[in-house]
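Next come the chains, spelled out residue by residue.
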Amino acid sequence: MKIQTFADATRLSVHALRHYEAMGLLVPARLSNGWRDYAPAQVREGVFIAMSRDVGFSLAAIAQVLPLYRQGGLSVADMVEMLEKQQKVVDEQIATLSAQRQKLIDHAQWLNRQASGAPNRGSSRKPWPASRKKQR
């Protein structure tokens, strides 16, 4: 199947498909005129890549498991375990971003107090809010 038909079947862009081919993730056959010719069985691989990217897996991580997936050696339990590990990564990112968000709020409040001449919460003027936790 031609690249546009394959793109429609996998919901991947033609640009992404070319990138994945350059990385060796997808390897279509070539017709005599040089056009890519994807096998119908490759749709499953394309969808696997698309779904993996959609939940945040890197292309390097996908490249590691794709051969096992192609061989049918990646069980549902394996995929669930991978998804649970990825969920932990996302949870850590959320915690990091939440802490960063609070720092932004603190810094904006501090700047507003400085600009208004209002006293800080303590009895003495505090310097810029701490931006890093003290290392022990």
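Here we summarise the structure given alongside this text.

Conventions used here
- Residues numbered from 1 in each chain as written.
- Predicted model: local features only at pLDDT ≥ 70, side-chain atom pairs only at ≥ 80, totals over all residues.
- Heavy atoms only, no water.
- Helix = DSSP H or I, 4+ residues; strand = E, 2+ residues; numbered from the N terminus.
- Buried < 20%, exposed > 50% of the residue type's maximum accessible area, 1.4 Å probe, protein only.
- Contact = heavy atoms within 4.5 Å.
- Areas by Shrake-Rupley, 256 points an atom, 1.4 Å probe, with all protein chains shown as cover.
- Axes fitted to C-alpha atoms, helices over the stretch in contact; angles between N-to-C directions.
- Left-handed = near helix turned anticlockwise from the far one by under 90°.
- Nonpolar A, V, L, I, M, F, W, Y, C, P; charged D, E, K, R; others polar.
- Expected span 1.5 Å × (residues − 1).
- Parallel < 35°, antiparallel > 145°, perpendicular 65-115°, else oblique.
- Core = buried A, V, L, I, M, F, W, Y, C linked by side-chain atoms within 4.5 Å.
- Salt bridge = Lys/Arg side-chain N within 4 Å of Asp/Glu carboxyl O.
- Phe/Tyr/Trp six-rings, centres within 6.5 Å; stacked < 30°, edge-to-face > 60°.
- Lys NZ or Arg CZ within 6 Å of the ring centre and 35° of its normal.

## With respect to the overall build of the protein chain
Next up, step 1: Check the secondary structure of the protein chain and you find five helices and two strands.
Next up, step 2: Written out in order from the N terminus, the α and β elements of the protein chain read α-α-β-β-α-α-α.
Next up, step 3: A buried classification covers 26% of the 136 residues belonging to the protein chain.
Next up, step 4: For the protein chain, the proportion of contacts with a sequence separation of at least 24, taken over those separated by at least 6, is 42%.
Next up, step 5: For the protein chain, the exposed surface amounts to about 10000 Å²; the carbon and sulfur share of it is 56%.

## Structural notes on the packing of helix 3 (residues 42–54) against helix 4 (residues 59–70)
Next up, step 1: For the pair helix 3 and helix 4, the least separation of the axes is 11 Å and the interaxial angle reads 145 degrees. For the crossing formed where helix 3 meets helix 4, the hand is right-handed. For the pair formed by helix 3 and helix 4, the contact residues are R44, E45, F48, I49, S52 and R53 on the first element and L59, I62, V65, L66, Y69 and R70 on the second.
Next up, step 2: Broken down by class, the residue content of the contact of helix 3 with helix 4 amounts to seven nonpolar, one polar and four charged.

## Observations regarding helix 4
Next up, step 1: Between its first and last C-alpha, helix 4 extends 16 Å over twelve residues, near the 16 Å set by a 1.5 Å rise per residue.
Next up, step 2: Looking at the buried positions of helix 4, the neighbouring elements they touch are helix 2 (14–23), helix 3 and helix 5 (76–116).
Next up, step 3: G72, located one to two residues past helix 4, shows a positive phi value of around 80 degrees.

## Digging into the packing of helix 1 (residues 3–10) against helix 2
Next up, step 1: Between helix 1 and helix 2, the least distance of the axes is 9 Å, while the angle of their chain directions is 100 degrees. With respect to helix 2, the axis of helix 1 lies roughly perpendicular. On helix 2, the residues that touch I3, Q4, F6, A7 and T10 of helix 1 are V14, L17 and R18.
Next up, step 2: A class-by-class count of the residues in the contact of helix 1 with helix 2 yields five nonpolar, two polar and one charged.

## Here we look at the side chain of Q86
Next up, step 1: Summarising the element assignment, Q86 is placed in helix 5.
Next up, step 2: When residues no more than four places from it in sequence are discounted, the contact partners of Q86 are V55, G56 and F57.

## Re helix 5
Next up, step 1: In this model, helix 5 (41 residues) spans 59 Å end to end at C-alpha, consistent with the 60 Å of a helix rising 1.5 Å per residue.
Next up, step 2: For helix 5, the complete set of buried residues consists of Q86, H107, W110 and R113.

## A word on the nonpolar core
Next up, step 1: Among the nonpolar cores identified, the biggest contains 22 residues, and L17, Y20, L26, F48 and I49 are the most heavily contacted of them.
Next up, step 2: Per element, the largest residue contribution to this core is five residues, and it comes from helix 4.
Next up, step 3: Once residues within four sequence positions are removed from consideration, Y20 is found in contact with L12, L25, L26, I49, R53 and L59.

## Comments concerning the pattern of salt bridges
Next up, step 1: On inspection of all chains with the given rule, the structure shows four salt bridges.
Next up, step 2: Measuring nitrogen to oxygen at the nearest pair gives 3.0 Å for the salt bridge that ties R30 to E21.
Next up, step 3: The class for R30 is partly exposed, based on a relative accessible area of 46%.
Next up, step 4: Close ionic contact of E21 with R36 constitutes a salt bridge, the shortest N to O distance being 2.4 Å.

## Things to note about the packing of aromatic side chains
Next up, step 1: Applying the stated criterion across every chain, the model contains two aromatic pairs.
Next up, step 2: Centroid distance F6 to Y38: 4.0 Å. Interplanar angle 5 degrees. Geometry classified as stacked. Linking F6 in helix 1 with Y38 in the loop between strand 2 (36–37) and helix 3, this pair joins segments that are 32 residues apart in sequence. Like F6, the residue Y38 is buried in the burial classification.
Next up, step 3: Over the ring of Y69 we find R44; its NZ or CZ atom is 4.2 Å from the centre of that ring.

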